[in-house]
Amino acid sequence: MLRRGTLLAGAATVALYLVATVAPAVAASAPPSQPPATMLEALQRDLGLTAEQAVQRLANEHRAAASEAALTQELGAKYAGAWLNGDASQLSVATTDAAAADAIRAKGAQPVIVGRSLADLDAVKARLDGASAEAKAGASLWYVDVATNSVVILAGNQAAGEALAAAAGADKNAVKVTVSAESPQAYINIIGGNAYYIGGSRCSIGFSARRGTAPGFVTAGHCGRAGATTSSPSGSFYGSSFPGNDYAWVSTPGHTMTPYVRGSGGANVTVRGSTQASVGASICRSGSTTGWRCGVIQQHNASVRYSQGTVSGLTRTSACAEPGDSGGSFISGSQAQGVTSGGSGNCSVGGTTYHQPVNEILSAYGLTLVTG
């Protein structure tokens, strides 16, 4: 048994990963490429895993993503979300139709019969999104929590959360209020650093993406408005949306794009695509302040209330970040997930971070993700 913090290397890593990809924890799919050693190292450090556990987890998550995608299509309006358990060994898939249980098991997942479909939950959350700024003032964020088949509001006190639900006219039976000290802030730092710069401010590059043949990169919208110029690399914000969304595309004429994300110790991780990972999957982020940090996807489709306004459609994770990490890459395995929007806490005492899904950015600006 390898001890925590020990890395597998060379042929041993390949052999263990090939074994892991055919383990029967969830439904089989084509094996992914071998995970980079830097990702395995960070997963061991941040999730408390052994090298074997990190390899097995990534293999399970790869298969779970394929099963979730297939069942989302197959169940249609009866689909109510999916999530992985704590060690990613079991994918649960919720449905409003008990007759669909066998189809879910056939994909290697555990069926969970619930009262509300994902579309029902999204509709409840949409009502919260549509509430007035005054109604949202006491809440920190709200999100669809597929594991509890509800919409959760995090607020500083119970009354504030209940007031938002009431003002939105949301079904009170579908909403849960959780009292939390989580206090979101957009991660931007006016002190200079490395990464890229907007005047005296610093943010982080997300992913290389081109518009037609024009090179550029995606990042957070709160880092700069459309038309703002950047340096190192030089460019300009072609488009930017914040609040409401938190995304932007920076055009960088004359610069060379790569399919890489800066990993642990400065090594590169290659981006292979942008398939969304499941709730419960491990995820790592890279930023110019705190470098390479990992955690777990907690929820998709969260609405976060910053002081500047509410941003909807974010993914909430347990990876930490700090000011200056804004716009940086979130990646699960080899799949791009999103760009850092903001968070609560820091990397000294732990924190929560939210990212804007990358596929929405690509669609909004007609971009093509640069992959290896």
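Residues numbered from 1 in each chain as written. Predicted model: local features only at pLDDT ≥ 70, side-chain atom pairs only at ≥ 80, totals over all residues. Heavy atoms only, no water.

Draft legend 1. Representation of the overall build of the chain in the model. If you tally the helices and strands in the chain, you get eight helices and 23 strands. When the 372 residues of the chain are sorted by exposure, 54% land in the buried category. Nonlocal contacts in the chain, meaning residues at least 24 apart in sequence, comprise 62% of its contacts between residues at least 6 apart. With the model as given, the accessible surface of the chain reaches about 14,500 Å², and the carbon-plus-sulfur share is 52%. (Helix = DSSP H or I, 4+ residues; strand = E, 2+ residues; numbered from the N terminus. Buried < 20%, exposed > 50% of the residue type's maximum accessible area, 1.4 Å probe, protein only. Contact = heavy atoms within 4.5 Å. Areas by Shrake-Rupley, 256 points an atom, 1.4 Å probe, with all protein chains shown as cover.)

Draft legend 2. Focus on the sheet that holds strand 10 (residues 207–210). One open sheet accounts for six strands, arranged 12-13-14-11-10-23; its pairing is antiparallel. Both edges of this open sheet fall to strand 12 (229–230) and strand 23 (368–369), since each of them pairs with a single strand only. As judged from the two bridges shared by strand 10 and strand 23, these two strands associate in the antiparallel manner. Paired with Ala209 across the bridge in strand 23 is Leu369. Of the strands in this sheet, strand 10, strand 11 (216–219), strand 13 (235–241), strand 14 (247–251) and strand 23 are in contact with helix 8 (residues 358–365), which crosses strand 14 at around 60°. (Pairing = 2+ DSSP bridges. Axes fitted to C-alpha atoms, helices over the stretch in contact; angles between N-to-C directions.)

Draft legend 3. Representation of the pairing of strand 14. Burial within strand 14 is extensive, with five of its five residues counted as buried. Going residue by residue along strand 14, you find Tyr247, Trp249 and Ser251 tucked away on one face and Ala248 and Val250 tucked away on the opposite face as well. Where strand 11 and strand 14 come together, four bridges link them in antiparallel fashion. Within strand 14, the position partnered with Val218 by the bridge is Trp249. Across five bridges, strand 13 lies against strand 14 in antiparallel orientation. Counted as the bridge partner of Phe237 is Val250 from strand 14. Counting the residues between successive antiparallel strands, the hairpin from strand 13 to strand 14 contains five residues, one of them, Gly244, with a positive phi of roughly 90°.

Draft legend 4. Expanded view of the environment of Ala103. Mapped onto the fold, Ala103 is located in helix 4 (residues 101–106). By relative accessible area, which is 22% here, Ala103 ends up partly exposed. C-alpha of Ala103 to C-alpha of Glu74: the two residues are 29 residues apart in sequence and 8.7 Å apart in space.

Draft legend 5. Main features of the state of the cysteines. Under the definition given, this model contains three disulfides. With a sulfur-sulfur separation of 2.0 Å, Cys203 is cross-linked through a disulfide to Cys223. On the S-S bond that ties Cys203 to Cys223, the torsion sits near -90°, and the link is left-handed. Separated by 20 residues along the polypeptide, Cys203 in strand 9 (residues 201–203) and Cys223 in the loop between strand 11 and strand 12 bring together distant segments of the chain. (Disulfide = S-S within 2.5 Å.)

Draft legend 6. Spotlight on the environment of Ser348. Assignment of secondary structure puts Ser348 in the loop between strand 21 (335–346) and strand 22 (350–357). Taking the C-alpha atoms as reference points, Ser348 and Cys320, separated by 28 residues in sequence, lie 8.8 Å from one another.

Draft legend 7. Representation of the nonpolar core within the structure. In this structure, Met39, Leu43, Phe207, Val218, Val271, Trp292 and Leu367 are the most contacted members of the largest nonpolar core, which totals 28 residues. Elements represented by at least two residues in this core include exactly helix 2 (37–47), helix 3 (51–75), strand 10, strand 14, strand 18 (291–306), strand 21 and helix 8. Not counting chain neighbours up to four residues away, the residues in contact with Val271 comprise Phe207, Pro259, Val261, Ile331, Ser334, Ala336, Leu369, Val370, Thr371 and Gly372. Counting 25 residues, the second-largest nonpolar core is a separate cluster that includes Ala131, Ala139, Leu164 and Val177. (Core = buried A, V, L, I, M, F, W, Y, C linked by side-chain atoms within 4.5 Å.)

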